[in-house]
Amino acid sequence: MDARPNIVLVHGAWADGSCWSGVIERLQADGYHVTAPQFPETSLADDVARLREVLELQDGPTIVAGHSYGGQIMTALGTDEPNVVALVYIAAFGIDEGESLGALLSQGPTPPALAHLFTDSRGFGWLPEDDFVKHFAADVDPVKAKVMHAVQQPLAGSTFNDVMGVPAWKSLPCWYLVATQDQAIPPDAERMFASRMGATTVEVASSHVAMVSHPAEVTHLIESAANGRATAEA
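My aim in this report is to walk through the structure given alongside it, one point at a time.

## Things to note about helix H5 (residues 129-136)
Next, step 1: Of all the positions in H5, only Asp131, Phe132, Val133 and Phe136 are classed as buried.
Next, step 2: Structurally, H5 contributes buried residues whose contacts are with helix H6 (142-150).

## Thoughts on the sheet that holds strand E7 (residues 155-156)
Next, step 1: What the 3 strands build is an open sheet, ordered E5-E6-E7; its pairing is antiparallel. The open sheet has two edge strands with one neighbour each: strand E5 (118-119) and E7.
Next, step 2: The pairing of E5 with strand E6 (residues 124-126) spans 2 bridges and is classified as antiparallel. Counted as the bridge partner of threonine 119 is glycine 125 from E6.

## Some details on the nonpolar core
Next, step 1: Residues Leu51 and Leu87 are the most contacted members of the largest nonpolar core, which totals 76 residues.
Next, step 2: Looking at which element gives the most residues to this core, the answer is strand E4 (residues 84-90), with 7 residues.
Next, step 3: Beyond its immediate chain neighbours, meaning those up to four positions away, leucine 51 contacts Val8, Val10, Phe39, Val64, Ile73, Met74 and Leu77.

## Let's talk about unusual backbone geometry
Next, step 1: The residue tryptophan 14 is not glycine, and still its phi comes out positive at about 60 degrees.
Next, step 2: Tracing the backbone shows tryptophan 14 in the loop between strand E1 (6-10) and helix H1 (21-29).
Next, step 3: Judged by its relative accessible area of 6%, tryptophan 14 falls in the buried class.
Next, step 4: With a phi close to 55 degrees, serine 68 is a non-glycine residue in the positive phi region.
Next, step 5: Counting through the fold element by element, serine 68 comes out in the loop between strand E3 (62-67) and helix H3 (69-75).

What counts as what
Residues numbered from 1 in each chain as written. Predicted model: local features only at pLDDT ≥ 70, side-chain atom pairs only at ≥ 80, totals over all residues. Heavy atoms only, no water. Buried < 20%, exposed > 50% of the residue type's maximum accessible area, 1.4 Å probe, protein only. Helix = DSSP H or I, 4+ residues; strand = E, 2+ residues; numbered from the N terminus. Contact = heavy atoms within 4.5 Å. Pairing = 2+ DSSP bridges. Core = buried A, V, L, I, M, F, W, Y, C linked by side-chain atoms within 4.5 Å.

Here's what the structure looks like:
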């Protein structure tokens with residue numbers, strides 16, 4: 001019987017499921033069942049509902065890996081985590097109970113990738129191409145980064161004000177990849193998230209989109225979580 005868990009990948013803001021392509025190829029080659037759905041990003045509640053829908057489709061234990069705002073989505077699963085046995089944060093938000101993204105981001109200077117974030121008439125935030133290419137995806141080939149910008153999924157402004165309930169990371173084993181060249185989430189904030197959740201942590205000299213520029217390292221961390229979970233249950 002195959003003891004390998006399923007893998008569900010959660011994209012963040014200003015991205016879509018295709019940002020995981022390099023990781024998906026590697027995980028599939030190693031025999032994992034992988035799902036990387038599209039999230040509406042119309043509200044945190046809508047995004048969590050989508051994640052729950054996908055988790056219900058998984059047959060057996062599942063590891064959830066999230067990038068950036070994707071960490072907010074999986075953290076908001078709270079204590080109701082169907083099939084989930086571990087969480088992997090890739091340069092992702094791992095906030096605690098009572099915290100919000102907006103309050104956290106207001107504690108320091110605006111990160112370069114978000115310096116010119118603009119909001120449309122419906123309240124959705126977008127990143128301009130120049131900031132996306134030079135800061136958000138700074139170590140990605142500019143041609144590819146422009147494609148990523150073209151398919152960006154805007155984020156509802158309401159998500160910055162949502163206050164976290166009991167975070168899922170308090171009841172699940174966690175792994176964390178700190179992107180040391182991140183210009184969207186300060187690396188020290190990522191280290192703080194990882195430390196307080198007691199995560200198994202690695203650091204990679206990567207921009208914010210580590211799953212695009214360093215897919216091998218991201219895949220390795222996810223597979224480490226899969227192996228760690230299997231060892232824990234052995």
